[in-house]
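Per-entry structural report
What follows is the residue order along each chain.
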2 protein chains.
Amino acid sequence: MTPALEDLFAVLRFPSISTDSNHASDVRACAQWYVDKFKSMGLSVELCETAKHPIVLAKNEPVSGRKTVLIYGHYDVQPVDPIELWDSAPFEPVIKDGKIWARGATDNKGQHMAHLLGVEETIKEKGELPVNLIFLLEGEEEIGSPNLPGFLEERKEELACDVIAVSDTGMVAKGIPTLGYGLRGITCCEVKVNGPDKDLHSGLYGGAVANPATAAAQLIASLHDSEGKVAVEGFYDEVEPLADWEREMWSQVPGVSESDLLEVTGSPAVFGEAGFSSAERLWARPTCEVNGMWGGYQGEGSKTVLPSYACFKLSCRLVPDQEPEVIIARVQKHLEAHLPTGVTMEFTPGHSGKAYVADPHSEAGKAAQEALEEVFGRPPVLIREGGSIPIIQSMKEILGTDTLMLGLALPDCQIHSPNENFTVENFEAGIRLSKVLLEKLGA
Amino acid sequence: MTPALEDLFAVLRFPSISTDSNHASDVRACAQWYVDKFKSMGLSVELCETAKHPIVLAKNEPVSGRKTVLIYGHYDVQPVDPIELWDSAPFEPVIKDGKIWARGATDNKGQHMAHLLGVEETIKEKGELPVNLIFLLEGEEEIGSPNLPGFLEERKEELACDVIAVSDTGMVAKGIPTLGYGLRGITCCEVKVNGPDKDLHSGLYGGAVANPATAAAQLIASLHDSEGKVAVEGFYDEVEPLADWEREMWSQVPGVSESDLLEVTGSPAVFGEAGFSSAERLWARPTCEVNGMWGGYQGEGSKTVLPSYACFKLSCRLVPDQEPEVIIARVQKHLEAHLPTGVTMEFTPGHSGKAYVADPHSEAGKAAQEALEEVFGRPPVLIREGGSIPIIQSMKEILGTDTLMLGLALPDCQIHSPNENFTVENFEAGIRLSKVLLEKLGA
């Protein structure tokens, strides 16, 4: 195994699940690994405390007149359940079939480690970097980065930079370099529907009081029409229409056809908002998805109860120019208006972040396109992404800087799912990309 | 503690959960306790094997010319979750505030133990019983008694009897003796809605493939109209209308007003099929209830997945003359017809049993009314029950015998829920009732 892979395996072994308070010490231990690593590379490094998980901030000695580049990544990961569907333990990385299998392999440890190791190689080879570098790693991306905006505000001057580079997005297909210039935003909530103050015998009481599971299902069902459109009043009011060049380019981007989508997702059919292609549905249209729902008896056999309550978690993916607070308020209003008789509802808003778009034809955008072409041997496609990286919008708002999204994830990398993986090939290409990119940005 | 309570506590300590295969040995150990007890009372007893949990069958020495009475009960119990809502351990019975708290206290160990102990007292006091007695205890009632009908068929002649007595139903209110003459039937199913072959990132794929949790919710929502009626085609086709005398009597039965129902269930409001009183909704109208549903992430915080599948369990309560097989087939057809685009469905039928009605004014019915009046000091009300005891219908069909339903459960006894309980008062009244009833039936 190469030293680079050994370093990647070391960070993948930390179960740094930020949403689960039982893993807080694992998150911290992971941060400490990066502190030690950056020190060994000769960078100055600081473990910055936040209200929850720490931020790791590393810098080289700045030289006046050079471009300042900020590389962002996150060392926290998603939960691992359903654990029984993993073919190998999520925090015991293995290489098989040319891929590294582990939670966080692609999202995001594998991708930012490529940058870190590219920086390390450049320093070893040249003794210095061609740019002033700020390397920022946070531990709260998977819970919506609650403490990063405050941190950026506080250190606004120290973090001032010319361009930001982030590899936390995808390539449209294996071998097709991809520059992302847009992301969907997100807004979340959890809803609890309350009925009787305990589970009831469905024979003794069924029929005479409302069933909260039925009521919760009716609420969820009310969120969409039969054509896949979100039925919340005003949901689409501020949605920016697609530009003609985007529809044109996206119709030719490989990897997002209906058959590609069926193969990658294993779904029995594609389905979505009428009048849009799959790429448009994924990259430029907002959604309202159930991430989880539960109520009553879920065990073996039957238990004939009328459940006391039922819950569901929703997340809406947002596009320019939807405001998260406005959208979640409309969802709440919709649910309150559609609440069935005989139950009450508790609504808890969750994390949120705005959508983002930038100009892929800026000076830094062109440097990124050249670096991608040099490493992958063909010009990149220009796309938006369906996922959310709220911090990119925050960095734009607070630092005033645009972000180059240099995706290294492949469509079957299974992020957020069992059997997450990252190809060794893209990991190594990412190391080369980081070296070339800093060279071109510094030129 | 009295010897009677000691015996009840002994049986309540067995976690005889019939639906959970991990508890099979507990179910058997509980059956063995009854075998030993009946032997100590001088009855002949047999532990009868079935394909799953055994039946305990006890008899006295039959005397020609006497009435034969079969007393039925079940020694299996419901699961205990959500365990965290119990105030004391479900299988460590305690007496507090005049009540016995334990899983099975009312359903059904406490109620059939009253009969068993009444029989024991009569034998001790008089040296013999006034009737030929058959005491039958099964261990599969909570999973739909799959093996009892076959057992009844096999032993049809041996089990021939003049009347059957069962205490597995309720009193309408504390102190109001209650003779039940009808029960709702039941038919169950479990539905799994399948989408992608793994959980997906809701950002990367949300909007372009169907969400199985949304689809499951849409299916559940399709089962009722806004007035609380079941929307399955043909669902009410065979429903027997209520007789005028029933509507009249039930309008005066205490304990089933809207305010009673709110107090007992802790629901925020009553809700049910338009055009019927709560008593009518509970005792003479069919239902379609979600007993449980689940899909996606249910843990702390958020996990922005598009779930691979979602499931729900349904049970329909049935009334005369609905056939379980016909109704569940109509439900399946409805679900198939309403299946949203982009998902597939697996439908698994569960246990079922027909509804039951008898004449409460028969000779045995009058004896039961007299016994209830003697023990409780006022004439009983005549009602049907909302719950299902499919075996009562089977005993009618196979043995040709009607059943006296002598309910001892109180409305707040929490059967099938956390904190199940049985009042010491009703337990002791049940012992007296059993003695008086056998006397009157034998006269």
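Residues numbered from 1 in each chain as written. Chains lettered and ligands numbered in written order. Predicted model: local features only at pLDDT ≥ 70, side-chain atom pairs only at ≥ 80, totals over all residues. Heavy atoms only, no water.

1. Focus: the overall build of chain A
Our working definition: Counting from the N terminus, the helices are the DSSP runs of H or I reaching at least four residues and the strands are the DSSP runs of E reaching at least two. Radius of gyration: over C-alpha atoms. The globule rule applied is 2.2 Å multiplied by the number of residues raised to the 0.38 power. Accessibility here uses a 1.4 Å probe with only protein chains present; expressed as a share of the type maximum, an area under 20% marks a residue as buried, one over 50% as exposed, and anything in between as partly exposed. What makes two residues a contact is simply this: any of their non-hydrogen atoms within 4.5 Å. Just so you know, the count uses Lys and Arg for positive and Asp and Glu for negative, and it drops His and the chain ends. A single reference atom marks each charge: NZ on Lys, CZ on Arg, CG on Asp, CD on Glu.
A tally of regular secondary structure across chain A gives 13 helices and 18 strands. Against the globule reference of 22 Å for 443 residues, chain A gives a C-alpha radius of gyration of 23 Å, in line with a compact fold. Summarising its shape, the C-alpha atoms of chain A cover approximately 80 × 50 × 45 Å along the three principal directions. Counting only residues that meet the buried cut, chain A has 64% of its 443 residues in that class. Long-range pairs, those at least 24 residues apart, make up 79% of the contacts in chain A with a sequence separation of at least 6. Taking the average place of the 37 positive charges on the side chains of chain A and the average place of its 66 negative ones, the gap between the two points comes to 1 Å.

2. Topic: helix α6 (residues 212–221) of chain A
Residue and element names in this part refer to chain A. The following threshold applies: Contacts described as polar in this section are N or O atom pairs within 3.5 Å, which, within protein, must combine one atom able to donate a hydrogen with one able to accept it, while residues neighboring in sequence count only if both atoms come from side chains.
Of all 10 residues making up α6, nine are buried, and the element is well covered by its neighbours. Every buried residue belonging to α6 is among Pro212, Ala213, Thr214, Ala215, Ala216, Ala217, Leu219, Ile220 and Ala221, and all of these are buried. Where α6 begins, the capping side chain belongs to Asn211, and its oxygen is found 2.9 Å from the backbone nitrogen of Ala213.

3. Regarding the sheet that holds strand β18 (residues 421–423) of chain B
All names here are of chain B. Keep this limit in mind: The pairing criterion is simple: DSSP has to find at least two bridges between the two strands. To obtain each axis, a line is fitted to C-alpha atoms, and for helices this fit is confined to the stretch in contact; angles are then taken between N-to-C directions over 0 to 180 degrees.
The three strands lie next to each other as β4-β5-β18, forming an open sheet whose pairing is antiparallel. One side of each edge strand has no neighbouring strand; the edge strands of this open sheet are β4 (94–96) and β18. Taking each pair of neighbouring strands and ignoring which way they run, the sheet shows an average axis angle of 30°. Packing against the sheet, helix α1 (residues 3–12) makes contact with β4 and β5 (99–101), and its axis sits at approximately 25° to β5.

4. Digging into the domain arrangement of chain A
Residues and elements named next belong to chain A. Our working rule: For the domains described, the bounds stem from an automatic or database domain assignment. What gets called buried area is simply the loss in accessible area from a 1.4 Å probe that two parts show on being joined, summed for both. A carboxyl oxygen of Asp or Glu within 4 Å of a side-chain nitrogen of Lys or Arg is what we treat as a salt bridge. As a working rule, the residues Ala, Val, Leu, Ile, Met, Phe, Trp, Tyr, Cys and Pro are called nonpolar, Asp, Glu, Lys and Arg charged, and the rest polar, with Gly in that last group.
Split by domain assignment, chain A resolves into domain 1 (3–183 + 355–442) and domain 2 (185–239 + 286–353). In this structure, domain 1 and domain 2 have C-alpha centres spaced 34 Å apart. Residue-level contacts link 10 residues of domain 1 with nine residues of domain 2. In this assembly, domain 1 packs against domain 2 so that about 670 Å² is buried in total across both faces, 61% of it on carbon and sulfur atoms. When the area that domain 1 buries against domain 2 is broken down by residue, the three leading residues are Ala355, Ser388 and Pro390, summing to 58%. Seen at the junction of domain 1 and domain 2, the total is zero salt bridges. Taken together, the links from domain 1 to domain 2 amount to zero residue pairs in polar contact (both at pLDDT 80 or more). Taken together, the residues that form the side of domain 1 that touches domain 2 break down as five nonpolar, four polar and one charged.

5. A short note on the relation of the copies chain B and chain A
Stated formally: When the copies are superposed, the least-squares fit draws on C-alpha atoms of residues that have pLDDT of at least 70 in both.
Least-squares fitting of chain B to chain A yields an RMSD of 0.1 Å, with the transformation described by 0.0 Å of translation along the axis and a rotation of 180°. The transformation relating the two chain copies, once decomposed into turn and shift, fits a two-fold axis. The overlap is high: 100% of the interface residues of chain B also sit at the interface in chain A, so the same surface is used on both sides.

6. Observations concerning the packing of helix α2 (residues 24–40) of chain B against helix α3 (residues 109–126) of chain B
All names here are of chain B. The line we're drawing: For classification purposes, angles smaller than 35 degrees are called roughly parallel, those larger than 145 roughly antiparallel, those between 65 and 115 roughly perpendicular, and all remaining angles oblique. Should the near helix be turned anticlockwise from the far one by less than a right angle, the crossing is left-handed, and should it be turned clockwise, the crossing is right-handed.
Contact pair α2 / α3: the axes reach a minimum separation of 12 Å and the direction vectors enclose 15°. The pairing of α2 with α3 is recorded here as roughly parallel in orientation. Where α2 crosses over α3, the handedness of that crossing is right-handed. Between α2, through Cys30, Trp33, Tyr34, Lys37 and Phe38, and α3, the contact on the second element is made entirely by Lys109, His112, Met113, Leu116, Leu117 and Glu120. Here the contact of α2 with α3 is composed, by residue class, of seven nonpolar, one polar and three charged.

7. Some thoughts on the pattern of salt bridges
With the rule as written, the count across this model stands at 52 salt bridges over all chains. Across the pair Lys396 of chain A and Asp402 of chain A runs a salt bridge whose closest N-O atoms are separated by 3.3 Å. With a relative accessible area of 30%, Asp402 of chain A lands in the partly exposed category. With a shortest N-O distance of 2.7 Å, Glu273 of chain B and Arg285 of chain B are connected by a salt bridge. One end of the pair, Glu273 of chain B, is in the loop between α8 (258–265) and α9 (278–283); the other, Arg285 of chain B, is in the loop between α9 and β11 (289–296), with 12 residues separating them in the sequence.

8. Focus: the interface of chain B and chain A
Each partner contributes to the interface: chain B provides 86 residues, whereas chain A provides 86 residues. Taken as a group, Phe271, Met293 and Lys303 of chain B account for 9% of the area that chain B buries against chain A, more than any other trio of residues on that side. At the boundary of chain B and chain A, one finds zero salt bridges. Linking chain B with chain A are 42 residue pairs in polar contact (both at pLDDT 80 or more). Tallying contributions element by element places β11 of chain B first for the side of chain B that touches chain A, with eight residues. Its residues assigned to classes, the side of chain B that touches chain A shows 33 nonpolar, 39 polar and 14 charged. Relative to β11 of chain B, strand β11 (residues 289–296) of chain A runs antiparallel, the two being bridged by five bridges. Residue pairing across strands places Gly292 of chain A opposite Gly296 of chain B, the latter belonging to β11 of chain B.

9. Re the sheet that holds strand β13 (residues 309–318) of chain B
Two pairing modes exist for strands in a sheet, parallel and antiparallel, and in both the strands are linked by backbone hydrogen bonds. Spatially, β14(A)-β9(A)-β13(A)-β11(A)-β11(B)-β13(B)-β9(B)-β14(B) is the arrangement adopted by the eight strands of the open sheet, whose pairing is antiparallel. Each end of this open sheet is capped by a strand with a single partner; those strands are β14 (344–353) of chain A together with β14 (344–353) of chain B. Strand-to-strand, the axes of this sheet are offset by a mean angle of 15°, without reference to chain direction. Here helix α10 (residues 324–338) of chain B sits on the sheet and contacts β9 (185–194), β13 and β14 of chain B; the angle it forms with β14 of chain B, its principal contact strand, is near 165°.

10. Regarding helix α8 (residues 258–265) of chain A
In an α-helix, one turn spans 3.6 residues, which is why side chains three or four residues apart end up on the same side. Here is the rule: By construction, the arc corresponds to the directions joining the helix axis to the C-beta atoms.
Looking only at α8 of chain A, the buried set comprises Leu261, Val264 and Thr265 of chain A. Down the axis, α8 of chain A shows its buried residues gathered within 85° of arc, on one side only. Exposed positions of α8 of chain A whose direction lies more than 90 degrees from the buried face are Ser259 and Glu263 of chain A. On its buried side, α8 of chain A packs onto α9 (278–283) of chain A together with β10 (200–201) and α5 (202–205) of chain B.

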